[in-house]
Amino acid sequence: MSMAMIGMIAGMALGFAGYFGGFGAFLLVAALGAVGFVVGRYLEGDLRPGDLFRSRGDRSDRRV
């Protein structure tokens, strides 16, 4: 599935949540979608746990 298709599905889900549930439901769906995205990236191996909490200047994998 392409990234455009995934983005379209996510946009439709947010649109339905906003229309039928109001702004609170929109925020809840957006927050849970962001959490799901981060967990998915972690499970695929693209993200390490420390990547979210380390500052930009404290990168151990800098290229020289």
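See the structure shown above.
K.L.:
Help me understand the overall build of the protein, please; the structure alone is not making it clear to me.
P.N.:
The helix and strand inventory of the protein stands at two helices and zero strands. Total accessible area on the protein is roughly 5,700 Å²; 67% of this is exposed by carbon and sulfur atoms.

K.L.:
Please clarify how the packing of aromatic side chains should be interpreted in this entry.
P.N.:
Two aromatic rings are characterised by how far apart their centres lie and by the angle between their planes. With the rule as written, the count across this model stands at three aromatic pairs. On the numbers, 4.9 Å between centres and 85° between planes, the contact of Tyr-19 with Phe-20 is edge-to-face. Of the residues examined, Phe-20 reaches a relative accessible area of 62% and is grouped as exposed. For the ring pair Phe-23 and Phe-26, a centre distance of 6.1 Å and an interplane angle of 20° mean the geometry is stacked. Of this pair, Phe-23 and Phe-26 both sit in helix α2 (residues 23-44), separated by three residues, roughly a single helical turn. The exposed category is assigned to Phe-23, whose relative accessible area is 59%. The class of Phe-26 is partly exposed, set by a relative accessible area of 30%. Through a chain of ring-to-ring contacts, three or more aromatic side chains come together here, namely Phe-16, Tyr-19 and Phe-20.

What counts and how
- Residues numbered from 1 in each chain as written.
- Predicted model: local features only at pLDDT ≥ 70, side-chain atom pairs only at ≥ 80, totals over all residues.
- Heavy atoms only, no water.
- Helix = DSSP H or I, 4+ residues; strand = E, 2+ residues; numbered from the N terminus.
- Areas by Shrake-Rupley, 256 points an atom, 1.4 Å probe, with all protein chains shown as cover.
- Phe/Tyr/Trp six-rings, centres within 6.5 Å; stacked < 30°, edge-to-face > 60°.
- Buried < 20%, exposed > 50% of the residue type's maximum accessible area, 1.4 Å probe, protein only.

These values are about where atoms sit, not about what they do.
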